[in-house]
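Below, each chain spelled out in residue letters.
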Amino acid sequence: MEPFKTLTAIAAPLAIDNVDTDQIIPSREMKSVSRSGLADGLFAGWRYTRPADREPNPDFILNKPGFEAAQILVSGENFGCGSSREHAVWALAEYGIRAIVAKSFGDIFYTNCTRNGILPIVLPGAQVDSLLSAPPPVELTINLAAQTVTAPGFEASFDIKAFPKRLLQEGLDPIGLTKLNLPEITHFLQADRQARPWVYSTAPESD
Amino acid sequence: MTQAQTLFDKLWSLHRVADCGDGVDLIAIDRVCIHERTGAVALKGLEASGHGILDPARVFAVMDHIVSFRSGRGRDEARSPGGEVFITETRRLARKAGIHLIDTDDPRQGIVHVIAPELGIALPGLSLVCPDSHTCSLGALGTLAWGIGSSQTEHAMATGTLRVARPRQMRITVENSLPSGVSAKDLALHIIACFGVSGGQGCAIEYTGEAVSALSIEERLTLCNLSIEFSAFTALIAPDETTIDYLQGRQYAPDASMAAAAAANWRQLHSDQDARFDHEIRLDARDIRPMVSWGTSPGQSIPLGSAIPADADQQALDYMELRAGQSVDNLAIDGAFIGSCTNGRLSDLRAAAEILAGRQVAANVRAVCVPGSQAVRQAAEAEGLDQVFSDAGFEWGASGCAMCFYAGGETFPPGSRVISSTNRNFEGRQGPGVRTHLASPATVAASAVAGKITSPADPLFAA
Ligand code: SF4
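Attention in this report is confined to the structure presented alongside it. Think of each chain on its own: its residues are numbered from 1, step by step along the sequence as written. The order in which chains are written sets their letters, starting at A; the order in which ligands are written sets their numbers, starting at 1. Where totals are concerned, whole chains, interfaces and linings use all residues; where local detail is concerned, this predicted model gives features only for residues with pLDDT of at least 70, and gives and counts side-chain atom pairs only at 80 or more. Values reported for side chains reflect all heavy atoms of the structure, with hydrogen atoms and water molecules removed beforehand.

Another aspect to go through is the overall build of chain A. The secondary structure content of chain A amounts to eight helices and seven strands. Categorising residues by exposure relies on relative accessible area from a 1.4 Å probe, with only protein chains included: less than 20% of the type maximum marks a residue as buried, more than 50% marks it as exposed, and the intermediate range marks it as partly exposed. By the burial criterion, 54% of the 207 residues in chain A qualify as buried. Summing over all exposed atoms, chain A offers an accessible surface of approximately 8,500 Å²; the carbon and sulfur share of this is 53%. Side-chain charges in chain A split into 18 positive and 24 negative, and the spacing between the mean points of these groups amounts to 3 Å. Counting from the N terminus, the helices are the DSSP runs of H or I reaching at least four residues and the strands are the DSSP runs of E reaching at least two. Accessibility throughout is a Shrake-Rupley quantity obtained with a 1.4 Å probe, and a residue counts as covered only by protein chains that appear here. Asp and Glu are treated as the negative residues and Lys and Arg as the positive ones, with His and the ends of the chain left uncounted. By convention, the point assigned to a charge is CZ for Arg, NZ for Lys, CD for Glu and CG for Asp.

This is the structure we're talking about:
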């Protein structure tokens, strides 16, 4: 995973609330048991006039002149709600999106972003609205260490928990990190087996 | 004196392995469920990274999402073109990993959230995760269950834990009793319509009150199922005698040697009298009527017999080909679907069959019923419900997610208007251009017969 330090890139406004993961990557675009090969299906229902023949829809923001190289999305409330499919994040990452600014996010989507090098940023509604209404295209600078988003005449700071921040900044493997807690996990399991034996009585032989 | 705790507080501290700082805890995961659509990729990821599975005996793989719903389907038959690979890869990887596999031809097969309670995989007090957002359904049993992504699924399988930020807590108390003919589905849609799709954002929600206690386990599952559409982290209902009775004798429920100890443990799992929540909502069940969605988000729902709000979202209206101020009653439909993890259980099929008995689906309506699991299907057939559905003109499918979501392949045609017992009415959810109206199984059945959106309370259905 590519570490996230600072990013200066074009931000594409998607001024809609509740953009769900079915829209980000329609289920029919998930064609193999794989995390790759998904960028082409990103926003397929909106990006193409007819998804089947891949004719670009000129009205969709990522197809408009000046937004071809967008690496940031700006959207409304509850971005990434709906299905838990991580394919939505894989598709965005493969397409080249590195950060998403929104008023709020679906919880699962937010976590998925931080596991795949995409920085999800929550800003207050008024600040997001000013970005959505700025004359396009806007170039935003995001500094993860300082937790700021800036553009000419625009400055905002955002919150992020220490753990996802560290994952993003260092491009870390969270499983490897948690394995450092194995002594505590083992200790927990030993005690819990005594206290709640029914949790552990599911040997596959009983299938 | 110890501080009064909520049910959620108790479940959280029961599973807290370590404090990771910054409001994040390392939480022990008792069960991981995966399905072929998002699970195979997690098994593959683990294989590639070389991390093993900590305890394969507590991981369950289920085939549900893209299995064909054709009665008499083949073992690898998918409903979406090229979908077989998800089935065959999941089977191969699950066997190799030594986890439980509930295959397409297993009599226990069904939608993961339907079979987890049926088999006692979900139990009160357990933590359970699955790479599927409707995992919150299982809170109906007092299970701390929530949906995650594939990377976190790998993490849970490899370490038996997840790092989770402790969510805020909300209590929704539903007082008095639901009027007759009003279901758990109507209650859930009512809540989302009143408080918006972001109303429960990030919260662990406990449902309580007289109307909730009176619900059967199946109805509780329906109520909790829709909590993700309310943006909740998850939902919970305190286990009670209804829960304990329901779980008796199920395959992975505690056997006779442990049943009494388990039940005693479960009876402690409730919010203390003075426990405090970050948000409290109180509702009167008597205010709730049969609901139907008009738009492209579950929050865009109204009681049958009322009008679409004047300030309705234009993009949703355009997609649904509707106008603000219009009523949805009597809108002609092209399709009707009964099934899914929301309303694909035996009581749902019974409610629909009650309306369908001795009646016919209107001409031009394609009506499909897909039981949520093979056990549901079998039980329904034992009561002759399959006959009622077939005689009325419904197709009778083999269990799985079926037409709840579109994955390519067979579905309703573009532009068609479908009344559906599912949980999502997003653009294209049931197929490109398909217009989905969410409703209870009884309303779906009544509408299928009338050929237009119709309340089950319509005089047409007076006994
Ligand atoms: S029935 Fe529908 S909502 Fe439920 S798990 Fe399957 S696809 Fe998801």
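What follows picks up the thread again.
Taken together, the side chains of D17 and E77 of chain A together with D313 and D318 of chain B present a region of like negative charge at the surface. Summarising the element assignment, D313 of chain B is placed in the loop between β14 (301-303) and α11 (314-320). We classify D313 of chain B as partly exposed; its relative accessible area is 40%. To count toward a patch, a residue needs a relative accessible area above 30% and no salt bridge. Like charges then connect within 9 Å, nonpolar side chains (Val, Leu, Ile, Met, Phe, Trp, Tyr) within 5 Å. Any carboxyl oxygen of Asp or Glu that lies within 4 Å of a side-chain nitrogen of Lys or Arg is treated as forming a salt bridge with it.

The next subject is the interface of chain B and chain A. On the side of chain A, 59 residues touch chain B, which itself brings 77 residues to the contact. Taking both sides of the interface into account, the surface hidden between chain B and chain A amounts to around 5,200 Å²; carbon and sulfur atoms contribute 57%. The largest share of the area that chain B buries against chain A comes from V41, H51 and R163 of chain B, three residues that together contribute 11% of it. Connecting chain B to chain A are three salt bridges. Two N or O atoms count as a polar contact when they lie within 3.5 Å, although within protein this holds only if one can serve as hydrogen donor and the other as acceptor, and sequence-adjacent residues are included solely when both atoms are side-chain atoms. At the boundary of chain B with chain A, the tally comes to 26 residue pairs in polar contact (both at pLDDT 80 or more). Just so you know the grouping, Ala, Val, Leu, Ile, Met, Phe, Trp, Tyr, Cys and Pro go in nonpolar, Asp, Glu, Lys and Arg go in charged, and all remaining residues, Gly too, go in polar. Broken down by class, the residue content of the side of chain B that touches chain A amounts to 36 nonpolar, 25 polar and 16 charged. Note on contacts: a residue pair qualifies if any of its non-hydrogen atoms lie within 4.5 Å across the two residues. What counts as buried area is the accessible surface, traced by a 1.4 Å probe, that two parts surrender upon association, with contributions from both included.

Residue and element names in this part refer to chain B. The criterion for a residue being near a molecule or strand is simple. One of its heavy atoms has to lie within 4 Å of it. In the neighbourhood of the ligand, the contacting residues comprise H65, I111, H113, D132, H134, S340, C341, C401, C404, F405, N423 and R429. Its atoms largely coinciding with the cavity grid, the ligand occupies the largest cavity. Its residues assigned to classes, the shell around the ligand shows five nonpolar, five polar and two charged. Two domains each provide a minimum of three residues to the shell around the ligand, namely domain 1 (7-165) and domain 3 (293-461). The method works on a 1 Å grid over the protein atoms by themselves. A cavity is a set of points holding a 1.4 Å probe that cannot get out, a pocket is an open set with protein on both sides within 12 Å along at least five of seven lines, and residues with an atom within 4 Å of a point line them. Being in a pocket or cavity means that more than half of the molecule's atoms lie within 2 Å of its grid points. A domain assignment, automatic or from a database, supplies the domain bounds used here.

Here we come to the sheet that holds strand β2 (residues 72-75) of chain A. Sheets are built from strands paired through backbone hydrogen bonds, the pairs being either parallel or antiparallel. Residues and elements named next belong to chain A. Within the open sheet, the seven strands sit side by side as β4-β3-β2-β1-β5-β6-β7. Their pairing is mixed. Looking at which strands have only one partner, the edges of the open sheet turn out to be β4 (119-122) and β7 (154-157). Direction aside, neighbouring strands of the sheet carry axes that sit 25° apart on average. Two strands qualify as a pair provided that DSSP identifies no fewer than 2 bridges between them. As judged from the four bridges shared by strand β1 (residues 6-14) and β2, these two strands associate in the parallel manner. Helix axes are fitted only over the stretch in contact, all axes being lines through C-alpha atoms; the angle between N-to-C directions runs from 0 to 180 degrees.

In this structure, Q147 of chain A takes a positive phi of about 55° despite not being glycine. Mapping Q147 of chain A onto the fold places it in the loop between β5 (138-143) and β6 (148-151). Its relative accessible area of 16% is what places Q147 of chain A among the buried residues. Phi is positive for A402 of chain B, which is not a glycine, with a value near 50°. For A402 of chain B, the location among the structural elements is in the loop between β17 (394-396) and β18 (417-420). Looking at A402 of chain B, the relative accessible area reads 0%, which means it is buried.

Time to look at the environment of P254 of chain B. Take P254 of chain B: it is sitting in the loop between α9 (241-247) and α10 (256-266). Exposure remark for P254 of chain B: the relative accessible area of 12% places this residue in the buried category. Between the C-alpha atom of P254 of chain B and that of T173 of chain B, which follows or precedes it by 81 residues, the distance is 30 Å. If we ignore the near neighbours within four places in the chain, the residues touching P254 of chain B are W198 of chain A together with L123, A259, A262 and W266 of chain B.

Moving on, we come to the sheet that holds strand β12 (residues 279-284) of chain B. Residues and elements named next belong to chain B. Taken in spatial order, the four strands line up as β11-β10-β9-β12 in an open sheet, and their pairing is parallel. Looking at the sheet topology across the chains shown, the edges are occupied by β11 (234-236) and β12. Shown here is a sheet whose adjacent strand axes are inclined to one another by a mean of 20°, direction ignored. Pairing analysis gives six bridges linking strand β9 (residues 168-175) to β12, with the strands arranged parallel. Bridged to M170 within β12 is H279. Strands β9, β10 (203-208) and β11 of the sheet are contacted by helix α1 (residues 7-15), whose axis makes an angle of about 110° with β11.

With that settled, consider helix α2 (residues 40-49) of chain B. Residues of α2 of chain B that are buried: A40, V41, A42, L43, G45 and L46 of chain B. Where α2 of chain B is buried, its residues contact α3 (87-95) and α7 (174-179) of chain A together with β3 (31-35), α3 (84-97) and α5 (150-159) of chain B. Phi for G50 of chain B, located one or two positions after α2 of chain B, is positive at around 85°.

What follows covers the side chain of H51 of chain B. You can see H51 of chain B is positioned in the loop between α2 and β4 (59-62). H51 of chain B sits in the buried class, given a relative accessible area of 16%. There is a polar contact of 3.3 Å between the side chain of H51 of chain B and the side chain of D173 of chain A. A distance of 3.1 Å separates the side chain of H51 of chain B from the side chain of K179 of chain A, its partner in a polar contact. Apart from the residues within four sequence positions on either side, H51 of chain B is in contact with D173, I175, G176 and K179 of chain A together with L46 and A158 of chain B.

What follows deals with the environment of Q169 of chain A. All names here are of chain A. The topology assignment puts Q169 in helix α6 (residues 162-170). With 24 residues separating them along the chain, Q169 and A145 place their C-alpha atoms 7.9 Å apart. Residues in contact with Q169, not counting those within four places in the same chain, are P3, F4, K5, L144 and A145.

Bringing the pattern of salt bridges into the picture now. This structure, assessed with the given rule, holds 36 salt bridges over all chains. Taking the shortest distance from any N to any O, the salt bridge between E154 of chain B and R35 of chain A comes out at 2.4 Å. With E154 of chain B in helix α5 and R35 of chain A in the loop between α1 (21-24) and α2 (44-47), this residue pair bridges two chains. The class for E154 of chain B is buried, based on a relative accessible area of 8%. Overall, the relative accessible area of 29% leaves R35 of chain A in the partly exposed class. E321 of chain B is the salt-bridge partner of R435 of chain B, the closest N and O atoms lying 3.6 Å from each other. You can see R435 of chain B sitting in strand β19 (residues 435-438) and its partner E321 of chain B sitting in the loop between α11 and β15 (335-338), a full 114 residues away along the chain. Accessibility expressed as a relative area gives 14% for R435 of chain B, which makes it buried. For E321 of chain B, a relative accessible area of 57% translates into the label exposed.

Moving on to the nonpolar core. Remark: nonpolar core denotes a set of buried residues (Ala, Val, Leu, Ile, Met, Phe, Trp, Tyr, Cys) joined through side-chain atoms within 4.5 Å. F43 of chain A together with F389 of chain B are the most contacted members of the largest nonpolar core, which has 214 residues in total. Contact partners of F389 of chain B, with chain neighbours within four places excluded, come to I338, L349, A352, A353, L356, C369, F394 and W396 of chain B. If you look at the next biggest cluster of nonpolar residues, it comprises 10 residues, including F69, F337, V368 and V418 of chain B.

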